[in-house]
Each structure stands twice: as structure tokens, then as C-alpha cells.
Amino acid sequence: MPGFIVHQGAAVLCSHGGQASAVSPNPRVRVSGQMVSVLSTPYCIAGCPFTTGGSPQPCVTGQWIMGAARVRAGGQPVILLDSQSTAVPNGTPMSIVSTQTRVRGQ
């Protein structure tokens, strides 16, 4: 499915509302002046309030599972608005709340 390409300034949240940010996006490809995220880009999650049984178990990191089928940056599929991900240690998905709206990929 075509979708907008996710960049460093995109708003990404874990399922519990923690703020996820790209640790090392691709430095050679930019959209809207910011580096793009690729399949291998790790995300750091801060402020996850998830608790189970009274003990905190916040999401700490996130990783993309599926990226674009046709568009690559540095040999890696770029991340699109509808890409799938998982957060560690809970296994819940991350959600892309907003991203640039000029460049699409498939």
C-alpha cells in the first residue's frame, strides 16, 4: 500500500502513549529536510506509563517489522505511514501519529 514516508521529525508513540524517537535514521536521504527512517532504524521509547500487577514494565525500544516494498534508502526499505512495528519488552505496536505529507512510497 502506498503511504507517506516517515522522517526523523514524525510523531511516533508506543501503544501506551510513550514518545518514540529514531536513534539513527538514514543520513543520506531526506524528506522535508529531515532524515528518513528505514527498516533497521531502532527507536528509543520514553515516558511509557505501562504497568502490570502494580509494577512498571514500560516499552523501552521499538523496531520496525515491515517497510516499503519498492522504495529503499541505503539498501533498506523506508518506513511508511502504514508500516508495522513492535515495542520491547511488551510486544505491542508503535503508532505513527503524524509525518510529512509531501513524499509517498510504496
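Every value quoted in this text rests on a predicted model; they were computed, and no experiment measured them.

Parameters at a glance
- Residues numbered from 1 in each chain as written.
- Predicted model: local features only at pLDDT ≥ 70, side-chain atom pairs only at ≥ 80, totals over all residues.
- Heavy atoms only, no water.
- Helix = DSSP H or I, 4+ residues; strand = E, 2+ residues; numbered from the N terminus.
- Rg over C-alpha atoms; globule rule 2.2 N^0.38 Å.
- Buried < 20%, exposed > 50% of the residue type's maximum accessible area, 1.4 Å probe, protein only.
- Contact = heavy atoms within 4.5 Å.
- Areas by Shrake-Rupley, 256 points an atom, 1.4 Å probe, with all protein chains shown as cover.
- Phe/Tyr/Trp six-rings, centres within 6.5 Å; stacked < 30°, edge-to-face > 60°.
- Lys NZ or Arg CZ within 6 Å of the ring centre and 35° of its normal.
- Pairing = 2+ DSSP bridges.
- Axes fitted to C-alpha atoms, helices over the stretch in contact; angles between N-to-C directions.
- Core = buried A, V, L, I, M, F, W, Y, C linked by side-chain atoms within 4.5 Å.

1. A look at the overall build of the protein
- Tallying secondary structure elements over the protein gives 0 helices and 14 strands in all.
- Listing the helices and strands of the protein from first to last along the sequence gives β-β-β-β-β-β-β-β-β-β-β-β-β-β.
- Computed over C-alpha atoms, the radius of gyration of the protein comes to 14 Å, within 12% of the 13 Å expected from 2.2 N^0.38 for 106 residues, which places it in the range of a compact globule.
- Residue burial in the protein is summarised as follows: out of 106 residues, 39% are buried.
- A separation of at least 24 residues holds for 63% of the contacts in the protein among residues at least 6 apart in sequence.
- Accessible area of the protein: about 5600 Å², with a carbon and sulfur share of 54%.

2. Thoughts on the environment of Cys44
- For Cys44, the position within the fold is in strand β6 (residues 43–46).
- Taking the C-alpha atoms as reference points, Cys44 and Ala11, separated by 33 residues in sequence, lie 13 Å from one another.
- When sequence neighbours within four positions are dropped, the list of residues in contact with Cys44 reads Gln19, Ala20, Ser21, Val23 and Val60.

3. Points about the packing of aromatic side chains
- If you walk through the whole model with that rule in mind, you get 1 aromatic pair.
- Between Tyr43 and Trp64 the ring centres are 5.6 Å apart and the planes differ by 85 degrees, which places this aromatic pair in the edge-to-face class. Residue Tyr43 is found in strand β6, and its partner Trp64 is found in strand β9 (residues 61–64); the two are separated by 21 residues along the sequence.
- Classification of Tyr43 by relative accessible area gives buried; the value is 2%.
- Its end group placed over the ring of Phe4, Arg104 keeps NZ or CZ at 4.3 Å from the ring centre.

4. Let's talk about the sheet that holds β6
- Taken together, 6 strands build an open sheet; the order of strands is β12-β9-β6-β3-β2-β13 and the sheet is antiparallel. Two strands bound the open sheet, and with one partner strand each, they are β12 (85–88) and β13 (94–98). Between one strand axis and the next, the sheet turns through 35 degrees on average, direction left out of account.
- Inspection of the sheet shows strand β2 (residues 11–14) paired to strand β3 (residues 19–22) by 2 bridges, in the antiparallel sense. Within β3, the position partnered with Leu13 by the bridge is Gln19.

5. So, unusual backbone geometry
- With omega at 15 degrees, the peptide bond leading from Val88 into Pro89 counts as cis.
- The topology assignment puts Pro89 in the loop between β12 and β13.
- Its identity is not glycine, yet Ser32 carries a phi of approximately 50 degrees, on the positive side.
- Within the secondary structure, Ser32 is located in the loop between β4 (26–31) and β5 (34–36).

6. A word on the nonpolar core
- Grouped together as the largest cluster of nonpolar side chains are 15 residues, with contacts concentrated most on Val12, Tyr43, Ile45, Trp64 and Met94.
- Apart from residues lying up to four places away in sequence, Trp64 is in contact with Val12, Val38, Leu39, Thr41, Tyr43, Ile79, Ser83, Gln84, Ser85, Met94 and Ile96.

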